[in-house]
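Here are the chains, one letter per residue:
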Amino acid sequence: MSEVALSNPVLVEVTRGSLVESRHRGAIAVARADGELLLALGDVTRPVYPRSAVKLLQAVPLIESGAADAFGLDDAELAVACASHSGDRVHVEAVRSLLAKAGLDESLLACGVHWPISENPTRELLREARRPTPIHNNCSGKHAGMLATAVHLGLDPKGYERPDHPVQIAITRILSETCAVALRSDLMGIDGCSVPTFALPLGALAQGFARVASGEGLSAPRVDAVRRLMQACFAAPVLVAGEGRFDTEVMCALAPACFVKGGAEGVHCAALPELGLGIALKIDDGAKRGTELALAATLAALLPSAKKALRDLIECEIETLRGARAGRMAPSDELQNVLSELAARG
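Keep in mind that this is a model prediction, so the values were computed, not measured. (Residues numbered from 1 in each chain as written. Predicted model: local features only at pLDDT ≥ 70, side-chain atom pairs only at ≥ 80, totals over all residues. Heavy atoms only, no water.)

1. Structural notes on the overall build of the chain
We count it as follows: In this description a helix means any DSSP run of H or I spanning at least four residues, a strand means any run of E spanning at least two, and both kinds are numbered starting from the N terminus. Here the radius of gyration uses the C-alpha set of atoms, whereas the globule reference equals 2.2 Å times the residue count to the power 0.38. Using a 1.4 Å probe on the protein chains alone, a residue whose accessible area is under 20% of its type maximum counts as buried, one over 50% counts as exposed, and one in between counts as partly exposed. In what follows, residue pairs with any heavy atoms lying within 4.5 Å of each other are defined as contacts. Per-residue accessibility takes into account occlusion by the displayed protein chains alone, with areas from the Shrake-Rupley method and a 1.4 Å probe. A positive count includes Lys and Arg, and a negative count includes Asp and Glu. His and the chain ends are not counted in either. Here the site of a charge means atom NZ of a Lys, CZ of an Arg, CG of an Asp or CD of a Glu.
When you go through the chain residue by residue, the secondary structure sums to 17 helices and 12 strands. Relative to its length of 346 residues, the chain is compact, with a C-alpha radius of gyration of 20 Å against a globular reference of 20 Å. When the 346 residues of the chain are sorted by exposure, 57% land in the buried category. Taking the intrachain contacts of the chain between residues at least 6 apart in sequence as the baseline, contacts between residues at least 24 apart amount to 64%. As displayed, the chain has an accessible area near 14600 Å², and 50% of this comes from carbon and sulfur atoms. Taking the average location of the 35 positive side-chain charges in the chain and that of its 41 negative ones, the two points are 3 Å from each other.

2. Describing the pattern of salt bridges
What counts here: What counts as a salt bridge is simple: a side-chain nitrogen of Lys or Arg found within 4 Å of a carboxyl oxygen of Asp or Glu.
For the structure on display, the rule yields 18 salt bridges. D69 is the salt-bridge partner of R228, the closest N and O atoms lying 2.9 Å from each other. Here D69 lies in helix α4 (residues 67-70) and R228 lies in helix α11 (residues 220-235), a separation of 159 residues in the sequence. Via salt bridges that share partners, E64, R173, E177 and R222 belong to a single interconnected network.

3. Here we look at α11
Residues that lie three or four places apart on an α-helix share one face, since the helix turns once every 3.6 residues. As a reminder, the rule being used: How far a helix is expected to stretch is found by multiplying one less than its residue total by 1.5 Å.
Given a rise of 1.5 Å per residue, 16 residues ought to cover 22 Å, and the 22 Å separating the end C-alpha atoms of α11 matches this to within 8%. Looking only at α11, the buried set comprises R222, V223, A225, V226, L229, M230, A232, C233 and F234.

4. Remarks on helix α14 (residues 288-302)
A rise of 1.5 Å per residue sets the reference length of α14, with its 15 residues, at 21 Å; its end C-alpha atoms lie 21 Å apart and thus fit the reference within 8%. Extensive coverage of α14 is indicated by the burial of 12 of its 15 residues. Of the residues making up α14, those classed as buried are G290, T291, L293, A294, L295, A296, A297, T298, L299, A300, A301 and L302.

5. A word on the state of the cysteines
Rules: For the purposes of this analysis, a disulfide is any pair of cysteine sulfur atoms at a distance within 2.5 Å.
Counted according to the given criterion, the structure contains 0 disulfides. We note that C82 lacks a disulfide partner, and the nearest cysteine sulfur, in C233, lies 4.1 Å from it. Owing to a relative accessible area of 0%, C82 belongs among the buried residues under this scheme. Residue classification places C233 among the buried positions, given a relative accessible area of 0%.

6. Some remarks on the nonpolar core
The condition that has to hold: We define a nonpolar core as any set of buried Ala, Val, Leu, Ile, Met, Phe, Trp, Tyr and Cys residues linked to one another through side-chain atoms lying within 4.5 Å.
Grouped together as the largest cluster of nonpolar side chains are 115 residues, with contacts concentrated most on I28, V30, L56, L205, F259, I279 and L299. With 9 residues, α14 is the largest single contributor of residues to this core.

7. Some remarks on the environment of N120
Along the chain, N120 falls in helix α7 (residues 119-127). What makes N120 exposed here is its relative accessible area of 55%. Taking the C-alpha atoms as reference, N120 lies 34 Å from G278; in sequence the two are 158 residues apart.

8. Points about the pairing of strand β8 (residues 259-263)
How we decide: Strand pairing is assigned whenever DSSP identifies at least 2 bridges connecting the two strands.
When you tally the buried positions in β8, you get 5 out of 5 residues, the bulk of the element. Alignment of β8 against strand β9 (residues 267-272), held across 5 bridges, turns out to be antiparallel. In the strand pairing of β9, G262 is matched with H268. Hairpin remark: β8 followed by β9, antiparallel, with 3 residues in the connecting loop; positive phi at E265, about 60 degrees.

9. Describing the environment of L272
With respect to the secondary-structure elements, L272 resides in strand β9. Taking the C-alpha atoms as reference points, L272 and C111, separated by 161 residues in sequence, lie 30 Å from one another.

10. Section: the environment of G72
By secondary structure assignment, the location of G72 is in the loop between α4 and α5 (75-81). For G72, a relative accessible area of 43% corresponds to the partly exposed category. Residues G72 and K101 lie 29 residues apart in sequence; the distance between their C-alpha atoms is 7.5 Å. Every residue in contact with G72, bar those within four places of it in the chain, is listed here: E77 and K101.

Next comes the structure, spelled out in structure tokens:
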């Protein structure tokens with residue numbers, strides 16, 4: 001384990017019986033649009049790959065280019081363009097509809113193939129002796145949005161996922177401008193779905209989501225774009241993730257006070273429009289359970305309505321397969337203390 005990982009505080013603890021069985025270290029940044037950090041717990045200056053946590057920003061060219069209006073995209077299609085979806089029928093249909101409105105089909109999707117996240121479509125495919133296709137990939141909506149943008153701009157849709165394609169160049173510029181940070185080519189990686197992902201500090205990521213939340217520091221067209229995408233996600237939260245999944249559950253409970261989006265390897269971001277704040281966090285070991293609990297606890301400290309709404313997400317019971325209580329997962333004492341101080345400051 002790196003020295004950075006060891007220096008980050010324990011954010012989440014998992015107990016079994018009387019002992020702490022697992023610990024999740026990480027870092028959290030809460031920022032205003034001007035970059036002021038209200039909370040910097042752990043190393044928030046170390047560059048991390050945001051992965052799918054920035055899908056809303058990756059969908060901005062779909063709006064700013066005029067493609068969304070030209071193709072008459074509705075809330076469901078815009079929400080799925082920001083999604084890491086479960087592969088349920090509602091998701092697949094929304095992606096196909098987006099592609100069809102742009103005169104495209106799924107053969108152009110360059111996201112690759114994996115089994116649906118949701119159990120039901122996986123079982124359906126198995127019953128029918130079929131294998132998944134790229135449209136079942138959780139990133140297919142994002143890719144459909146990129147394809148629609150390319151077609152509307154008169155660009156060759158083939159190769160839209162490459163770093164040198166104009167659509168990806170536009171996305172890189174949008175990420176840099178929104179997060180007020182220069183994205184370095186030596187810190188570019190390739191995401192699991194084949195598009196570029198740039199590492200940037202959690203503090204900059206939190207500032208970017210504060211700008212999304214407040215509109216401060218953004219051009220008028222950018223403000224319109226991010227607000228339209230957020231409103232689409234609030235209108236159709238099940239399209240952003242799926243039934244029973246964290247992002248959908250949180251936005252069902254808290255929208256329009258909170259937009260949340262997770263990424264792979266323990267990254268999660270949030271925009272709080274009513275407060276003008278952004279949140280970015282990463283769990284060092286990449287565990288989704290630690291990431292989601294830490295973010296739920298942070299939201300509860302900032303939004304009065306979140307404490308009750310997200311109670312089951314903050315103090316999770318660990319049960320046996322027969323339903324008996326065996327332990328619990330909860331924020332660490334250090335995280336709870338820091339969040340109490342943050343809540344007290346208002």
